[in-house]
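Remarks on the overall topology
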4 protein chains.
Amino acid sequence: MSTGFFKDIAPVRYEGRESENPLAYRWYDPDRVVLGKRMEDHLRFAICYWHNFCWPGGDPFGGQTFERPWFGDDMDHARLKAEVAFEMFEILDVPFFCFHDRDIAPEGASLADSNRNVREIAGIFQKKMASSKTKLLWGTANLFSNRRYMAGAATNPDPDVFAYAAAQVKNCIDVTKELGGENYVLWGGREGYETLLNTDMARELDQLGRFLALVVEYKHKIGFDGTIMVEPKPQEPTKHQYDFDVANVYGFLKRYGLENEVKVNIEVGHAVLAGHSFEHEVALATALGIFGSVDMNRNDYQSGWDTDQFPMNVQEVALALYYILQSGGFTTGGVNFDAKLRRQSIDPSDLIHAHVGGIDTCARALLVAADLIERGDLSKALEGRYAKWGSNKAQAMLKGEMSLSDIAEMVEREGINPAPVSGRQEYLENILNWSL
Amino acid sequence: MSTGFFKDIAPVRYEGRESENPLAYRWYDPDRVVLGKRMEDHLRFAICYWHNFCWPGGDPFGGQTFERPWFGDDMDHARLKAEVAFEMFEILDVPFFCFHDRDIAPEGASLADSNRNVREIAGIFQKKMASSKTKLLWGTANLFSNRRYMAGAATNPDPDVFAYAAAQVKNCIDVTKELGGENYVLWGGREGYETLLNTDMARELDQLGRFLALVVEYKHKIGFDGTIMVEPKPQEPTKHQYDFDVANVYGFLKRYGLENEVKVNIEVGHAVLAGHSFEHEVALATALGIFGSVDMNRNDYQSGWDTDQFPMNVQEVALALYYILQSGGFTTGGVNFDAKLRRQSIDPSDLIHAHVGGIDTCARALLVAADLIERGDLSKALEGRYAKWGSNKAQAMLKGEMSLSDIAEMVEREGINPAPVSGRQEYLENILNWSL
Amino acid sequence: MSTGFFKDIAPVRYEGRESENPLAYRWYDPDRVVLGKRMEDHLRFAICYWHNFCWPGGDPFGGQTFERPWFGDDMDHARLKAEVAFEMFEILDVPFFCFHDRDIAPEGASLADSNRNVREIAGIFQKKMASSKTKLLWGTANLFSNRRYMAGAATNPDPDVFAYAAAQVKNCIDVTKELGGENYVLWGGREGYETLLNTDMARELDQLGRFLALVVEYKHKIGFDGTIMVEPKPQEPTKHQYDFDVANVYGFLKRYGLENEVKVNIEVGHAVLAGHSFEHEVALATALGIFGSVDMNRNDYQSGWDTDQFPMNVQEVALALYYILQSGGFTTGGVNFDAKLRRQSIDPSDLIHAHVGGIDTCARALLVAADLIERGDLSKALEGRYAKWGSNKAQAMLKGEMSLSDIAEMVEREGINPAPVSGRQEYLENILNWSL
Amino acid sequence: MSTGFFKDIAPVRYEGRESENPLAYRWYDPDRVVLGKRMEDHLRFAICYWHNFCWPGGDPFGGQTFERPWFGDDMDHARLKAEVAFEMFEILDVPFFCFHDRDIAPEGASLADSNRNVREIAGIFQKKMASSKTKLLWGTANLFSNRRYMAGAATNPDPDVFAYAAAQVKNCIDVTKELGGENYVLWGGREGYETLLNTDMARELDQLGRFLALVVEYKHKIGFDGTIMVEPKPQEPTKHQYDFDVANVYGFLKRYGLENEVKVNIEVGHAVLAGHSFEHEVALATALGIFGSVDMNRNDYQSGWDTDQFPMNVQEVALALYYILQSGGFTTGGVNFDAKLRRQSIDPSDLIHAHVGGIDTCARALLVAADLIERGDLSKALEGRYAKWGSNKAQAMLKGEMSLSDIAEMVEREGINPAPVSGRQEYLENILNWSL
């Protein structure tokens, strides 16, 4: 029996580009085969619990704008929320969802109570999932909203907070495993500092390294075969966060010997806030062997904070998907919409419009990316550009068979005087648009 | 015999705060002992060749504004430039200078010619240095101005460019060693990409790793005992540079096994462009064990490019020096003014005003930093904040003696429910100002 | 009888630079005469109600961290809040405070109820003020927190919201007048747009022009002789706000014929977010004849949102105060601390530490600014730089007595070929530091 | 007879979306009628002289990368440059070009000489234009590159510079008129300040106001019927420029009574640097009645300086063109590509690839914008949103027939309590994508 929240909104299905129905997919056709794989299996869309069912529409200068029947801090509301969530998953026909422990169930009087609440709702999920196509992409523990975490969870100056966080994560991993989650994510929004004046960075990095190792050890102990992922983000909510960007996380993983155990969940908006493009972060993670999953959204380039808007620019998303496809595509990861309505979009139907737009943007972008790969112009141009590195001499330099003075001698002997070659950026950008 | 460029500008010396002489040091008193060391030995000031003697005052929308008798692309001008440079070192009474190979001598018809030019001017330096107090803090090769490097030096798609750059660096390290340089720096302004569309990042990172290894191997081979340093910088002149920031460089060094061989030269403006504070980069490098030296300047926070202004804000510099002192201070590194005049500051005396201002700002900041250390309020507050981590239980967690489930059990058993404690940021900021 | 909130914190008084008491003024000596006026009369410090007594310490990723006995949505709590507020004013010995209507009293069931609540608390203020030195610098209506204003107040697509806002403002002006407020401020945080796609800018600008005119007309009607001020701010909370910066507000005032009726209240952080320096906004407002008052704080240059930190950098504040003094200083305006604690600063004493630091920073900056004026080096240099404009020929050009062709002819006839002169920026920056 | 620079590159013509020819238009079909007008007449494309024929490929860290046979500082090279320019106009089949006086001819020994040089090349243009379709969109004087302008042209502290600039502009307007230019543009890159410390803003604003008035007066005197336009830009190359953004220019024009005489030439990248979207600047200029023309390009959102890249994002350009079409489209203005190659794009063909990409992006965007207008969904939604303002009561408020107290009374009497309505941002964004 329906909660009635979405009223008469019908399931959203593929109707093609010419549809006049605002709540139809024009591009997302789950069964369409692209590069040998179904669209649904390429994109592995997930809907997040927090923005859709928990965020009240507030901003730093204004309070709640959304009025949802499930807003309230008790288990009855949490149960209603779960009902509505699964109704939305079905309307949108997505294969995955994601959650934080605190999204799905209210905090109790003690951690034990809170854990029980989480488990109870997880039990409801389990029943729902039995009859739904929607599976769990990943779970994560909210180690940032409660005031106990204001100075960090793993990196807190108080070891009791470290312990509390560890205990909370244990429960959340257990639940994620039970629900068949394909990944477990850690986002360290409070792991960092507000002012260096009260912070011992070396000490806090070691705390964070240990915490992550605890998680990895526990994963193996309980036989959870999902991927552990860290989600990089700079500067918000903490002035400086230790997981600033992909390169930073890589260095951290190397420092604590975790680079083969942990991957990254890359968010578009976080990449932008760190001064990078999203495709840079994807390509770098691939190059470093730590690419895991993505949080898809778009960030206002000029706002300076996490705006978490729905992706709407096909060209931008296509470029990122091109690099994801080049890396072999998703394995346990997927495309989670970490995106929220603007706070004036107060109608239930706005939730659906937003996801339809985001999903269609990604689906269309996938077709562009696939076309780029099939045409092969970009990859051929790339190969050609580095072709000279295939020579024996070049390989000798690269493999350490020549010393600096060997090379210097060779340059003088052979009178090497390299001539510049066009980088052809504009031509390559045109290629991208031809597939659009 | 003087070149006459600085006309009647007298040597700048310490005259104290009440001096009415605009070209006197009000704070920088080289022999003043601070925390047991002479000011000069703490700060190890260096003057750079490029901004002072090579930059013509141009910007992207306008040409040369400075008229210097040594501007010109031949060896006679280069010799005159060397004369003036040492005149300025003496006027300012600084213990160090720094240069790129292309700053001191013009490019020749071949690399061999260029190398000869560099060596000839280095010979002049050697004579000058015999009778001057000014020594060489570091040398570096310019692998970015010439069009041959437009697509990278070590990371160029053309292995001939890699070879050419390697040969150029060899000569520059040789010269640096001969001049008794205390460090050798690599700045990879063109190591990165303009567009991902024509870039294979994995391949380029490997090229860069090899290049740096070549330098380290060569250093050991020739017995150069200076420090090899990389200078992080994001986004300019290359859209994305591989040495983005300290954390990024650390990950890179770990990836290629160079973290014990290479340190970082941190520039204020580069830190700012990467979205960090300068003191963050210093403290992080210290925590990671790779702190080397600093390029002191200030960046307009709102310009988005490298403005390379002289440092003028005592409070900001004091905080950075506080962290440098906390790390044990400089060993082979120092404070190099990588700062340039505004392009309207066309008089010879402007060069001196600018350095006097910068030097006094740092000297005054050193006194503030020393006072902070002597009072000890900040370090005591810091220690107190983490005191609970000294307990056996906390250490057991940190040392890996407890698993995630051990900790979870302990939290439940002991009913751990941590209470937040004030971070006292405003009070700590006040402490900083009390020393100002 | 004290509420006991501040426990045993004694009144903060001037003790001089060498004081060991963290809660003493080291620089702020209200009766000290600077440039012929008492410090207190120069700086006209105000404490704001909202950040100190209403903000719970939340951020976009975490909830309340402050626990205040007066938090709660009823009149009893509002009364307690008023008590504590005046206790804080006395402890800090400041001459002014500021408030929004919704800060001081809870929203009622109807606007009439809300207005009554505001008036009741205002009555308490009136009694307090009879025996306190603290007066009202300005009042303002909160037209941004409630969801009814999510799409704007004056610029709302729904004229009922315009009407509601007008009625709310009327009550707030009435109250401000009754309390002897010296100014009335309008901050249009929701006046602007989230997306151009749903916005008719021409129409909304006219609505906003009319709204401001209504306020000005009403001021004259009731004989309120305070200054009406608009507070510029870009991009937050609304994607684009119509009152973007000082220049923008000036154009708006000119468009609606209000440039002689309305002035600007300039906030440091808002200047920074608009891409300007604070001193720019002050100097521009002075040049345009609309300088009114300031909201003093500091913004993290790298965060991209309104961080509202307490001012701590003496050099920066000194430069702004220099321009304020040059403009003749404050008349009805003053220095309102629109600054809030960091969310980890949860102790009552943190409120006092923060204000002491901010007040001392401004007081010390005032001394620097006054010293700059007394020495006169900056103003003499400025005068000299423009001296040639005093000639008859120059004045003829400036006064429109020569046409473009007259001038062209003169250039050719006289062979005018101007030679550049140094702008001396570094020397001028040194002068600033000599007074520090 | 061809100069041979573009070798065998054939004229670029429309071949449709499926063309395999990289140097064909896939979308730009000049004669295609869109909303009742030819594409060519809608878009009025112009090619700029400076980026294509003058810029050497340098950046702040590297010198020239382009090798062009016409580089050189004499009239012979200038003549060759003119030949190549018109060859490129023909290849690309564009209806307009734009230039600065210093782009087309070298500076002479005196202003008179420089003016003669400009006139001579203009004579060549005149002959070329007799047999070419390409006309002059606008001319402008370069008042920023020469060191004489380093401290401003109109706003220089030296009135001789003001006079010199005035004389230079006179010549440039004369030439623009003779060539049938449809507009004359002023870009004040040096009108502003580097440091407030040496700047008297009130004085400089008056100088700038007079200068602009001189231009307007002269236009009328000589009967030039083109439009005078100011081009807003913030922060580069001058730390603060007086023509910061559209709103700022509007206030300036109002201050000096020029708002009916002068319009704005809006550049995409300048809008971005000012913290706005391009479409905001277009829509605001339209709302204020000063929209003139556009400099089309794209700016890296994360670089902080003017990157002047070719437009490649259809969605972004479509939105701007939508607002331009809504404003009635161009009259004397047009779409000037103020865009340059990346400095690695050193081949002659790169110039053509870049323009083909930019032109096709705009042409495709025009089709999207036209489709949006023809469907009418956006405009209908907009109208509906403000419909309540059509009521008599609402109009009475807007027309000043009700006072603040009248309105307040009405709110109380009628119990007005407005209910929020969804802003539907995501739905409206979807509409935009349906036309893509």
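Residues numbered from 1 in each chain as written. Chains lettered and ligands numbered in written order. Predicted model: local features only at pLDDT ≥ 70, side-chain atom pairs only at ≥ 80, totals over all residues. Heavy atoms only, no water.

1. Section: the interface of chain A and chain B
Formally: Should any heavy atoms of two residues lie within 4.5 Å, those residues are counted as being in contact. Buried area, as used here, totals the accessible surface that two parts lose on assembly, with accessibility defined by a 1.4 Å probe and the loss added over both. What makes a salt bridge here is a side-chain nitrogen of Lys or Arg within 4 Å of a carboxyl oxygen of Asp or Glu, nothing more. Within 3.5 Å is the distance limit for a polar contact, defined as a pair of N or O atoms, with the added protein rule that one can donate a hydrogen and the other accept it, and that residues adjacent in sequence qualify only through two side-chain atoms. The classification used treats Ala, Val, Leu, Ile, Met, Phe, Trp, Tyr, Cys and Pro as nonpolar, Asp, Glu, Lys and Arg as charged, and all other residues, Gly among them, as polar.
At the interface, 88 residues of chain A touch 89 residues of chain B. Of the roughly 8,100 Å² buried where chain A meets chain B, counting both sides, 68% is carbon and sulfur surface. Summed over the three residues of chain A that lose the most area to chain B, namely Leu197(A), Tyr386(A) and Leu404(A), the buried surface amounts to 10% of that side. Our count for the contact surface shared by chain A and chain B stands at 4 salt bridges. Here Asp158(A) and Lys388(B) are joined by a salt bridge, their closest N and O atoms 2.9 Å apart. Linking chain A with chain B are 28 residue pairs in polar contact (both at pLDDT 80 or more). Among the residues forming the side of chain A that touches chain B, the class breakdown is 50 nonpolar, 16 polar and 22 charged.

2. As for the relation of the copies chain A and chain C
Between the two chain copies there is a screw-like relation: a rotation about an axis and a shift along it. The cut-off we apply is this: The copies are overlaid by a least-squares fit using only the C-alpha atoms of residues whose pLDDT is at least 70 in both copies.
Superposition of chain A onto chain C requires a rotation of 180° combined with a translation of 0.0 Å along the rotation axis, giving an RMSD of 0.0 Å. Seen this way, the second copy is the image of the first under a two-fold rotation axis. The rotation axis passes nearest to the C-alpha of Gly304(A) in chain A, at a distance of 2.1 Å. Both copies present the same face, since 100% of the interface residues in chain A are matched by interface residues at the equivalent positions in chain C.

3. Digging into the relation of the copies chain A and chain B
Overlay of chain A on chain B (RMSD 0.0 Å): rotation 180°, translation along the axis 0.0 Å. Taken as a fraction of all interface residues of chain A, those also at the interface in chain B reach 100%, which identifies the copy contact as same-surface.

4. Observations regarding helix H12 (residues 348–375) of chain C
Heads up, the rule is: Runs of E in the DSSP output that reach at least two residues are strands. Runs of H or I that reach at least four are helices, and both are numbered from the N terminus. Here the expected length of a helix is defined as 1.5 Å per residue gap, with one fewer gap than residues. Any residue under 20% of the maximum accessible area for its type is buried, any over 50% is exposed, and the rest in between are partly exposed; the area is computed with a 1.4 Å probe on protein chains only.
Here H12(C) contains 28 residues, and its C-alpha end-to-end distance of 41 Å stays within 8% of the 40 Å for a straight helix at 1.5 Å per residue. Of all 28 residues in H12(C), 23 are buried; the element is thus mostly enclosed.

5. Focus: the UniProt feature "binding site: Mg(2+) 2" (unreviewed entry) in chain A
Residues and elements named next belong to chain A. To be explicit about the condition: UniProt positions are given in the numbering used here, feature names are shortened, and annotations may be inferred rather than shown by experiment.
When the UniProt feature table is mapped to this numbering, "binding site: Mg(2+) 2" (unreviewed entry) covers Glu267, His270, Asp306 and Asp308. A maximum C-alpha distance of 10.1 Å is found for the annotated residues, which run over 42 residues; spatially they form one tight group. For His270, the location among the structural elements is in helix H9 (residues 268–273). Setting aside chain neighbours within four positions, we find His270 in contact with Trp187, Glu231, Pro232, Lys233, Pro234 and Asp306. In this structure the side chain of His270 is engaged in a polar contact, spanning 2.9 Å, whose partner is the backbone oxygen of Pro232. With respect to the element layout, Asp308 can be found in the loop between strand E11 (291–296) and helix H11 (314–326). Here Asp308 is in contact with His51, Glu267, Asn297, Arg298, Asn299, Asp338, Ala339, Lys340 and Arg342, once residues within four sequence places are set aside. A polar contact is formed between the side chain of Asp308 and the side chain of Asn297, at a distance of 2.9 Å.

6. Some details on the interface of chain A and chain C
Each side of the interface is counted separately: chain A has 30 residues, and chain C has 30 residues. Here chain A meets chain C over a buried area of about 2,800 Å², counting both sides, of which 50% is carbon and sulfur. Linking chain A with chain C are 6 salt bridges, by the criterion used here. Counting across the interface, chain A meets chain C through 18 residue pairs in polar contact (both at pLDDT 80 or more). Residues of the side of chain A that touches chain C, tallied by class, amount to 9 nonpolar, 10 polar and 11 charged.

7. Some remarks on the domain arrangement of chain A
Many structure descriptions define interface size as the accessible area lost when the parts assemble. Residue and element names in this part refer to chain A. For clarity, the cut-off: What counts as a domain boundary in this text is fixed by an automatic or database domain assignment.
Each assigned domain of chain A is listed here: domain 1 (33–375) and domain 2 (391–435). On a C-alpha basis, the centres of domain 1 and domain 2 stand 40 Å from each other. On the side of domain 2, 5 residues touch domain 1, which itself brings 6 residues to the contact. The contact between domain 1 and domain 2 buries some 540 Å² in all, and 62% of this surface belongs to carbon and sulfur atoms. By the criterion of area lost to domain 2, the three top residues of domain 1 are Gln315, Leu372 and Arg375, representing 65% of everything that side buries. Inspection of the domain 1/domain 2 interface yields 0 salt bridges.

8. Considering the packing of helix H10 (residues 278–288) of chain D against helix H11 (residues 314–326) of chain D
Residue and element names in this part refer to chain D. Rules: Lines fitted to C-alpha atoms define the axes here, with helix axes fitted over just the stretch in contact, and angles between the N-to-C directions of these axes take values from 0 to 180 degrees. Should an angle lie under 35 degrees it is considered roughly parallel, over 145 roughly antiparallel, and from 65 to 115 roughly perpendicular; all remaining angles are considered oblique.
For the pair H10 and H11, the least separation of the axes is 9 Å and the interaxial angle reads 5°. On the basis of the axis angle, H10 is roughly parallel to H11. Taken together, the residues of H11 that come into contact with H10 (itself represented by Phe278, Glu279, Val282 and Ala283) are Leu319, Ala320, Tyr323 and Ile324. In the contact of H10 with H11, the residues fall into 7 nonpolar, no polar and 1 charged.

9. Focus: the side chain of Asp350(B)
Defined as follows: Positive charges are assigned to Lys and Arg, negative charges to Asp and Glu, while His and the chain termini are left out of the count.
Its location among the elements puts Asp350(B) in helix H12 (residues 348–375). Put simply, Asp350(B) is tucked away with no salt bridge, and the nearest opposite charge, on Arg424(C), sits 5.1 Å away. For Asp350(B), the residues in contact, after removing those within four places along its chain, are Leu341(B), Ser345(B), Ser422(C) and Arg424(C).

10. Details of helix H3 (residues 75–92) of chain B
Residues and elements named next belong to chain B. The end-to-end C-alpha distance of H3, which contains 18 residues, comes to 26 Å, matching closely the 26 Å that a straight helix rising 1.5 Å per residue would cover. Taken together, the buried positions of H3 are occupied by Met75, Ala78, Lys81, Ala82, Val84, Ala85, Phe86, Glu87, Met88, Phe89, Ile91 and Leu92. On its buried face, H3 is in contact with strand E3 (45–48), helix H2 (49–54), strand E4 (96–100), helix H4 (101–104), helix H5 (111–131) and H12. Where H3 begins, one side-chain oxygen reaches toward the backbone nitrogen of Asp76, 3.1 Å away; that side chain belongs to Asp74. Taken from the residues just after H3, Asp93 is the one with a positive phi, measuring 60°.

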